Amino acid sequence: MLDKIHILIPEVQDTSIKTKEDLEQFRIHYQGRKGVLAGLFEDFKTVPPAQKKETGRILNDLKMAIQARIDTFIQEAGTKEETPSTEFDLTRPVTYMEPGPRHPLSIVRNQIIEIFSRIGYTVAEDREIEDDWHNFTALNFPEEHPARDMQDTFFIEKNPDIALRTHTSSVQIRTMEQNQPPIRSIFPGRVFRNEAISARAHCIFHQVEGLYVDKDVSFRDLKQTLLYFAKEVFGEDTQIRLRPSYFPFTEPSGEMDVSCNICGGKGCNICKYTGWVEILGCGMVDPAVLENCNIDSEIYTGFAFGMGIERITMLKYQIKDLRLFFENDLRFLNQFRGII
Ligand code: DAH
């Protein structure tokens, strides 16, 4: 047994321990329940009494050598872990991270704002959580109108009704309540509708609403404003056409189509081979809406329009699936790099 221990001591001292895994193996091998030391202490029981003293001393030396090896490694590792701060070079240039490109919806929203600011429109924003008055009632929605249905609107509270606004027309009301004409503003913002998500629809989307109220504002002014806008967004050759429509808050109401900027009016699958694509709703503000906001409808008239930013962006950049706007896939977003 003595001979065995004499061999083991240098063996312990020479074992290379480089990693924490090495240390763990070393520990198990020598100090484990069934390890070298445990075996030797077991053997020690059978050592004749005359040799007990000498063997015990050597065995103890081995035990200490093992512990010393472990302690040395831990100490070295500890000081190693503290040193990296000295290797930290604060003068090194940082890794360049390219800033993200602007989102296509922001690009187009900013363009729309810019186009209308040039002809004197101010920009206003308001809340996304609206009461029934501003989202429906003041806009002349009859009590039984389907938009007031749970199926179309995300209600937060019922009686009195509080909902996520379904359109930015609510900001028309807030603006007219707070200001007397002349009013010439656009209202960009996020709107919410209880719709199944598909390539053409989403439950969250963006609109820009426009409002012009003053003395002698006519349908002709509306038409010229929209023609100017369409040419600015889609190009000088763009033509517009107005079709009669219905909205509770405008009378008369219309929908505006632009000549398809993809096929130039010849017909393609974007314009469903008609040469025209619908981009907005519009009309003359219903006198009842003006009166709801304490604006004298005998003196003032106005026009309003509302468009979906997603739709305009899809047409402008030929994007076929609306869901791409919300997925934040860098392969999609990076294509808009450089456009402000
Ligand atoms: N609020 C309408 C919508 O969300 C859009 C709209 C249509 C706004 C006609 C208007 C308008 O101001 O005159 O579908």
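A brief report on the enclosed structure follows. All chains use their own residue numbering, which begins from 1 and follows the written sequence. Predicted model: local features are reported for residues with pLDDT of at least 70 only, side-chain atom pairs are reported and counted for 80 or more only, and whole-chain, interface and lining totals are derived from all residues. Where side-chain values are given, they derive from all heavy atoms of the structure, hydrogens and water being excluded.

## Regarding the overall build of the protein
A run of DSSP states H or I qualifies as a helix once it reaches four residues; a run of E qualifies as a strand once it reaches two. Both are numbered from the N-terminal end. In terms of helices and strands, the protein carries 13 helices and 10 strands. In terms of C-alpha radius of gyration, the protein reaches 39 Å, well past the compact-globule figure of 20 Å for 340 residues. Once the C-alpha set of the protein is aligned to its principal axes, its extents read approximately 125 × 50 × 40 Å. Accessible area is worked out with a 1.4 Å probe on protein chains only. A residue is then buried under 20% of its type maximum, exposed over 50%, and partly exposed in between. Here the protein holds 340 residues, and 41% of them are scored as buried. It only takes one pair of heavy atoms within 4.5 Å for two residues to be counted as in contact. Considering only intrachain contacts with a sequence separation of at least 6, the fraction spanning at least 24 residues in the protein is 67%. In the form shown here, the protein has an accessible surface area of approximately 19700 Å², with 52% of it arising from carbon and sulfur atoms. Residues scored as charged are limited to Lys and Arg (positive) and Asp and Glu (negative), so that His and the chain ends carry no count. Every charge is mapped onto a representative atom, which is NZ of Lys, CZ of Arg, CG of Asp or CD of Glu. The positive charge centre, built from 40 side chains, and the negative charge centre, built from 51, are 7 Å apart in the protein. We take the radius of gyration over the C-alpha atoms and set the globule estimate at 2.2 Å times the residue count to the 0.38 power. Where accessible areas are quoted, they stem from the Shrake-Rupley method and a 1.4 Å probe; at the residue level, only the protein chains shown are allowed to cover.

## What to know about the packing of aromatic side chains
In this scheme Phe, Tyr and Trp rings, the latter by its six-membered ring, pair at centre separations within 6.5 Å, and the angle between planes marks the pair as stacked below 30 degrees, edge-to-face above 60, and tilted otherwise. Within this structure, the stated rule accounts for 13 aromatic pairs. With a centroid separation of 4.8 Å and an interplanar angle of 50 degrees, the aromatic rings of F26 and Y30 are classed as tilted. One end of the pair is F26 and the other is Y30, both in helix α2 (residues 20–31) and 4 residues apart, which spans about a single turn. This pair shows no difference in class: F26 is buried, exactly as Y30 is. Ring centres 5.2 Å apart and planes at 25 degrees place the aromatic pair F116 and F305 in the stacked group. Note that F116 is positioned in helix α6 (residues 104–117) and F305 in strand β10 (residues 301–308), a separation of 189 residues in sequence. The same class applies to F116 as to F305, namely buried. Following the ring pairs from residue to residue traces out a cluster consisting of F116, Y121, Y212, F229, F303 and F305.

## Quick notes on the sheet that holds strand β4 (residues 162–164)
A pair of strands is labelled paired if DSSP reports no fewer than 2 bridges between them. Read from one edge of the open sheet, 3 strands run β2-β4-β3, paired in antiparallel fashion. Two strands close off the open sheet at either side, each with one partner strand: β2 (129–131) and β3 (155–157). On average, each strand axis in the sheet is tilted by 35 degrees relative to the strand beside it, whichever way the strands run. When β3 meets β4, the two strands line up antiparallel, connected through 2 bridges. With axes taken as lines fitted to C-alpha atoms, and helix axes fitted only over the stretch in contact, angles between N-to-C directions fall between 0 and 180 degrees.

## Section: the side chain of D257
Within the fold, D257 resides in strand β8 (residues 250–259). Given the relative accessible area of 3%, D257 is considered buried. Throughout this description, a polar contact denotes any pair of N or O atoms lying within 3.5 Å of each other; where both atoms belong to protein, one of them has to be capable of donating a hydrogen while the other can accept it, and for residues adjacent in sequence the pair is counted only when both atoms sit in side chains. A polar contact of 2.8 Å, which involves the side chain of D257, links it to the side chain of R243. Apart from residues lying up to four places away in sequence, D257 is in contact with Q239, I240, R241, R243, W276, V277, E278 and I279.

## Focus on the site of the ligand
Residues are labelled near a given molecule or strand when at least one of their non-hydrogen atoms is within 4 Å of it. In the vicinity of the ligand there are 15 residues, among which H167, S169, R193, Q207 and E209 approach most closely. In this structure, an oxygen atom belonging to the ligand sits 3.4 Å away from a side-chain N or O atom of Q172. One of the backbone nitrogen or oxygen atoms of A304 is found 3.2 Å away from an oxygen atom of the ligand. For the shell around the ligand, the secondary-structure elements that each account for two or more residues are α8 (169–178), β6 (204–214), β9 (276–285) and β10.

## Digging into the pairing of β9
Burial analysis of β9 places 8 of its 10 residues in the buried class, which makes it a mostly covered element. When β8 meets β9, the two strands line up antiparallel, connected through 8 bridges. Looking across to β9, one finds that M256 is bridged to L280.

## Observations regarding the side chain of S253
Within the secondary structure layout, S253 lies in strand β8. Relative accessible area serves as the criterion here: at 7%, S253 is assigned to the buried category. Reaching out from S253, the side chain makes a polar contact with the side chain of T250 at a distance of 2.7 Å. Non-local contacts of S253, meaning those with residues more than four positions away in its chain, are made with R243, P244, S245, Y246, F247, C282 and G283.

## Focus on the sheet that holds strand β1 (residues 122–123)
Strands sit in the order β1-β5-β6-β10-β9-β8-β7 across an open sheet of 7 strands; the sheet is mixed. Both edges of this open sheet fall to β1 and β7 (240–247), since each of them pairs with a single strand only. Judged from the 10 bridges that link them, strand β5 (residues 183–192) and β6 form a sheet pairing that is antiparallel. Pairing of F187 across the sheet is with E209, part of β6.

## Digging into the packing of α6 against helix α11 (residues 309–317)
Relative to each other, α6 and α11 sit at 100 degrees, their axes nearing to 9 Å. Relative to α11, the element α6 is oriented roughly perpendicular. In this structure, α6 contributes P104, L105, I107, V108, R109 and Q111 to the contact, and α11 contributes I309, E310, I312, T313, K316 and Y317. As a working rule, the residues Ala, Val, Leu, Ile, Met, Phe, Trp, Tyr, Cys and Pro are called nonpolar, Asp, Glu, Lys and Arg charged, and the rest polar, with Gly in that last group. Residues of the contact of α6 with α11, tallied by class, amount to 7 nonpolar, 2 polar and 3 charged. We call two directions roughly parallel when the angle between them is under 35 degrees, roughly antiparallel when it is over 145, roughly perpendicular when it lies between 65 and 115, and oblique otherwise.

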